[in-house]
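# Descriptive analysis of the structure
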Amino acid sequence: MKKTFVVIVVLLSFLGTAYALPGSGFRKGSRGGLVTTLLQLGLTAAQKHKVAVILKGYRTEVQGKADALLQARLQLRNAMERNEFNEAAVRSAYRDVAEAGESMAILKARMMADIRHVLTPEQLGELDKLRTARLENMKERKGRFEQKRSLLDEWIDVNSQAG
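Numbers given for residues are sequential positions, taken from 1 along each chain in its written order. Confidence filtering applies because this is a predicted model: local features only for residues at pLDDT of at least 70, side-chain atom pairs given and counted only at 80 or more, and all residues used for totals across whole chains, interfaces and linings. Side-chain figures throughout are based on the complete set of non-hydrogen atoms in the structure, without hydrogens or water.

### Quick look at the overall build of the protein
Counting from the N terminus, the helices are DSSP H or I runs at least four residues long and the strands are E runs at least two residues long. A tally of helices and strands in the protein yields five helices and zero strands. Each helix (α) and strand (β) of the protein, taken in turn from the N terminus, gives the series α-α-α-α-α. The rule is simple: take the accessible area with a 1.4 Å probe, protein chains only, and divide by the maximum for that residue type; under 20% is buried, over 50% is exposed, in between is partly exposed. Burial status across the protein gives 25% buried among its 163 residues. It only takes one pair of heavy atoms within 4.5 Å for two residues to be counted as in contact. Partitioning the contacts of the protein with sequence separation of at least 6, the portion at a separation of at least 24 is 72%. Roughly 12,200 Å² of accessible area belongs to the protein as shown, and the carbon and sulfur atoms make up 58% of that amount. Only the protein chains shown count as covering a residue, and every accessible area follows the Shrake-Rupley method with a 1.4 Å probe.

Written out as structure tokens, the structure reads:
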């Protein structure tokens, strides 16, 4: 039994990783995202089939938009890391990222709305609980970010004083 559990955990880890790869479009965080969420909802076989059909219908479009978003982010990074600063290039690249991100967000929201129609009221409640937990995790990550910023501020203060 323990061996079976380990095998399942390893397989789910690979699934989560596969869906988190750039271009998959189904990533919602680094914890397996949509796959993990679906597994936690206790879907019936019929619901799994319906959700799989929904996801299959969106797959090509999501992958295309995810690829476009990734390319836009890479272009922004390139614009920001040039030896010569070019504000117009950075602004243009950022607008491309915003546009691609907006397009992806709308598509994911539409897809999740379609999935919600398959869920029972109890599963919708569980989905809301999972969403709340994700928001709490975001707040924790913000706290870790604040700690890193504090370290950077300290480094700046120490190293910017007249020697």
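### Things to note about the pattern of salt bridges
What counts as a salt bridge is simple: a side-chain nitrogen of Lys or Arg found within 4 Å of a carboxyl oxygen of Asp or Glu. Within the structure shown, the criterion is met by four salt bridges. Residues Arg91 and Glu87 are paired through a salt bridge, measuring 2.8 Å at the closest nitrogen-oxygen approach. One end of the pair is Arg91 and the other is Glu87, both in helix H4 (residues 87-116) and four residues apart, which spans about a single turn. On the basis of relative accessibility, which here comes to 39%, the residue Glu87 falls in the partly exposed class.

### Some points on a nonpolar patch on the surface
On the surface, a cluster of nonpolar side chains totalling about 330 Å² of accessible area is made up of Leu152, Trp155 and Ile156. Mapped onto the elements of the fold, Leu152 is located in helix H5 (residues 121-160). Note that patches include only residues with greater than 30% relative accessible area and no salt bridge, and the join distances are 9 Å for like charges and 5 Å for nonpolar side chains (Val, Leu, Ile, Met, Phe, Trp, Tyr).

### Quick notes on helix H2 (residues 33-40)
Within H2, burial applies to Gly33, Leu34, Val35, Thr37 and Leu38. Note on H2: the residue one or two positions beyond its end, Gly42, has a positive phi of about 65°.

### A look at the side chain of Thr37
Among the secondary structure elements, Thr37 is positioned in helix H2. Given the relative accessible area of 12%, Thr37 is considered buried. Sequence-distant contacts of Thr37, that is, excluding residues within four places in its chain, are made with Leu127, Leu130 and Arg134.

### Quick look at the environment of Ala100
Topologically, Ala100 is positioned in helix H4. On the accessibility criterion, Ala100 (12% relative accessible area) is buried. For the pair Ala100 and Gln71, spaced 29 residues apart in the sequence, the C-alpha separation amounts to 9.4 Å. Those residues in contact with Ala100 that lie beyond four places of it in its chain are Ala68, Leu69 and Ala72.

### Side note on the nonpolar core
In this structure, Val51, Leu55, Met111 and Ile115 are the most contacted members of the largest nonpolar core, which totals 19 residues. Looking at this core, the elements that each hand over two or more residues are H2, helix H3 (45-80), H4 and H5. It is H3 that provides the largest number of residues to this core, a total of six residues. We call a set of buried Ala, Val, Leu, Ile, Met, Phe, Trp, Tyr and Cys residues a nonpolar core when their side-chain atoms join them within 4.5 Å. The next biggest cluster of nonpolar side chains, apart from the first, holds nine residues, and it includes Leu76, Val90, Ala93 and Val97.

### Focus on the environment of Ala46
By the element assignment, Ala46 lies in helix H3. Here Ala46 falls in the partly exposed class, since its relative accessible area comes to 49%. Between the C-alpha atoms of Ala46 and Val118, which are 72 residues apart in sequence, the distance is 9.4 Å.

### Here's the deal with H5
For H5, spanning 40 residues, the distance from its first C-alpha to its last is 57 Å, which sits close to the expected 58 Å at 1.5 Å a residue. Restricting attention to buried positions, one finds in H5 the residues Gln123, Leu127 and Leu130. On its buried side, H5 packs onto H2, H3 and H4. One fewer than the residue count of a helix, multiplied by 1.5 Å, yields its expected span.

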